[in-house]
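As a plain string of letters, each chain reads:
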Amino acid sequence: MSEHILEIRHLSKAFGSHAVLKDIDFTVDKGDVTSIIGASGSGKSTLLRCINLLETLTTGEILYHGQDVTKGKINASAYRAKVGMVFQNFNLFNNLTVLGNCMIGQQKVAKVPKEEAKQRAIYYLNKVGMAPYINARPDQISGGQKQRVAIARALAMEPEVLLFDEPTSALDPEMVGEVLDVMKSLASDRMTMLVVTHEMAFARDVSTHVVYMADGVIEEEGEPAKIFTNPESLRTREFLKRILNG
Amino acid sequence: MIGQLFTDIGSLWNKYGTVYLTGILNTLILAVTATLIGCIIGFFCGILQTIPYSSKDNVVKRFVLKLLRIIIRAYVEIFRGTPMILQAVFIYYGLPYFFGISFKDIWTVSIIVVSVNTGAYMAESVRGGIMSIDRGQFEGAKAIGMNHWQTMLHIVLPQTLRNIMPQIGNNYIINVKDTSVMFIIGFNDFFAVHKMVSGAVFKYFPSAFMEMAGYLFLTLVSSFLLRKFEKKLAGKPNYELVNTDQLVMTAGNYNIPTEGGAPFDEKSRE
Ligand SMILES: Nc1ncnc2c1ncn2[C@@H]1O[C@H](COP(=O)(O)OP(=O)(O)O)[C@@H](O)[C@H]1O
Ligand SMILES: [Mg+2]
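The rules behind the values
Residue numbers here run from 1 along each chain, matching the order of that chain's written sequence. Chains and ligands are labelled sequentially in the order written, the chains with letters from A and the ligands with numbers from 1. Given that this is a predicted model, residues contribute local features only at a pLDDT of at least 70 and side-chain atom pairs are listed and counted only at 80 or more, while totals for whole chains, interfaces and linings are drawn from all residues. Only hydrogens and water are set aside; all other atoms, that is, all heavy atoms of the structure, feed into the side-chain values. The secondary structure listing takes helices from DSSP runs of H or I that are at least 4 residues long and strands from runs of E that are at least 2 residues long, numbered from the N terminus. For every residue, the accessible area (1.4 Å probe, protein chains only) is compared with the maximum for its type, and the residue is labelled buried under 20%, exposed over 50%, or partly exposed between those bounds. For this analysis, residues touch if any pair of their heavy atoms sits within 4.5 Å. Fitted lines through C-alpha atoms give the axes, limited to the stretch in contact for helices. The angle between two N-to-C directions lies from 0 to 180 degrees. Roughly parallel refers to an angle under 35 degrees, roughly antiparallel to one over 145, roughly perpendicular to one between 65 and 115, and oblique to any angle outside these ranges. We call a crossing left-handed when the near helix sits turned anticlockwise from the far one by less than a right angle, and right-handed when that turn is clockwise. Gly is placed with the polar residues, together with every amino acid not listed as nonpolar (Ala, Val, Leu, Ile, Met, Phe, Trp, Tyr, Cys and Pro) or charged (Asp, Glu, Lys and Arg). Among buried residues, those of type Ala, Val, Leu, Ile, Met, Phe, Trp, Tyr and Cys that are joined through side-chain atoms within 4.5 Å constitute a nonpolar core. Strands are labelled as partners when DSSP assigns at least two bridges between them.

Draft legend 1. Spotlight on the environment of A:T97. Residue and element names in this part refer to chain A. Within the secondary structure, T97 is located in the loop between β6 (83–86) and α3 (98–108). With a relative accessible area of 30%, T97 lands in the partly exposed category. Here the alpha-carbon distance between T97 and P138, two residues 41 residues apart in the chain, equals 6.7 Å. What T97 contacts, discounting residues up to four positions off in sequence, is I134, N135, A136 and R137.

Quick look at the structure:
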């Protein structure tokens, strides 16, 4: 019996009168690598942002180990520290070095002592192949390197789940591979991940679970083999046909 | 002509050298102190003005924050919108008039006037500086669990300071020159020395010449130091790669968590 880390229940989100997410339901278990695919504008980013409490839900709940995190009883900062997020545009802190980026959250949020924070930061930077760059600033490294640092920054908080919002979409094609490689190695370490992506090869070969979203609803979900070879929904089939042949 | 000028300057210097030097020192101290205090006021106002609130927050919090914004707005408009020379007399004579407090110490009044005036300009610079920081910086900080104050203190304000450094420098240079209006309440700055000395010995032009040279010297040296400081804030232009083996040895003491992290609340686990 696997352990539910996150349970999303009847989540809806509207911006004014614009309903962006409608009655979303799904669970994330320990070790799951869930890919969320779907057309642009279907609400994938908004879903991740809701899960990380960067947006407030309109209705519904998010259970983290069975506890609802949307009701204000749980400390949002402590929850966010355990649910890491990697953004499309990296969002590295421009005033800090690579090392500083990976230390600040540990020190200020998790209250890890400086020396340990440094060791931990270097450990994770080494994991993403960025340890030699600890003294560089974000504006001195390439996009692929920035995203790898952003992943290390999230890992250094030792989260239970990592959320990725199109981590390779802002990268030049030749840099996509290095980031996907890091993500693959995390997957093989059984890191629990929720990945919004247009990289169909990643969704098919690396993830354990695929969620296809269309117009703010989960149109279909299941194992990658089933979604990619034998989707039930016509919309899923058409989306995949378009994106795989395009 | 030129020869005569230098003879005059020489005699002025011999007689009043220390007076001029005291004046220039007073100007410098007032400008530096008031700019620093003005920056603190500016950062304070800028931060208070940018505390986010939404319709979901409770009524009291929204009311207080709105009121704060209005008060700061009024402060900025009043002190940017009136001449500093008038502010000086207004405060100097107004405080005893209303509150019975009179300042024996001209230094205190002068520092208050120039600081409050600088603060009004800085409040706007800081507000603009904070607003120009990319949303992604706030979100990146939020996403690793930092709260609003931690985000401001460790991420946003250091970047704001770096971005508005040219404006701080600008304000400082303006203060070096504009503190000269404080002679109106009897502050003994560099320009006040000119009025006093030239009135006594009727050497208006030689004294004015010395004043020009003195102010220019102050501002040029200041500009130079400010540039250096800006460069320092910008950080090193390049970085050194670090030997990985050595690093991994350092990191070797670190115990890898076996489970990939634990939930923050032990009770929530079965
Ligand atoms: N802050 C916002 N305010 C209003 N509408 C928004 C906001 N953020 C996203 N939306 C809208 O929500 C919809 C879904 O956006 P998004 O979640 O970014 O989609 P995706 O990531 O799948 O491309 C879009 O129509 C977008 O315009
Ligand atoms: Mg998106």
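Draft legend 2. A look at the packing of helix α4 (residues 114–127) of chain A against helix α5 (residues 143–156) of chain A. All names here are of chain A. Where α4 contacts α5, the axes come no closer than 9 Å and their chain directions differ by 135 degrees. Judged on the interaxial angle alone, α5 and α4 are oblique. Between α4 and α5 lies a crossing whose hand is right-handed. Facing R120, Y124 and L125 of α4, the residues of α5 in contact are V149, A152, L155 and A156. A breakdown of the residues in the contact of α4 with α5 according to their chemical character gives six nonpolar, no polar and one charged.

Draft legend 3. Spotlight on the nonpolar core. Residue and element names in this part refer to chain A. Ranked by size, the top nonpolar core spans 45 residues in total, and within it L125, I151, F164 and M193 carry the most contacts. Mapped by element, the contributors of at least two residues to this core are α3, α4, α5, β7 (161–165), α6 (173–188) and β8 (192–196). Looking at this core element by element, the count peaks at eight residues for α6. Here F164 is in contact with L48, V86, I151, M183, L186, M193, L194, V195 and V196, once residues within four sequence places are set aside.

Draft legend 4. Representation of the sheet that holds strand β10 (residues 217–222) of chain A in the model. Residues and elements named next belong to chain A. The sheet built from six strands is open, its strands ordered β6-β7-β8-β3-β9-β10 with mixed pairing. The open sheet has two edge strands, β6 and β10, and neither has a second partner. The sheet shows a mean angle of 20 degrees between the axes of neighbouring strands, direction not considered. Of the pairings in the sheet, the one linking β7 to β8 comprises five bridges and is parallel in character. Bridging from a neighbouring strand, V161 pairs with T192 of β8.

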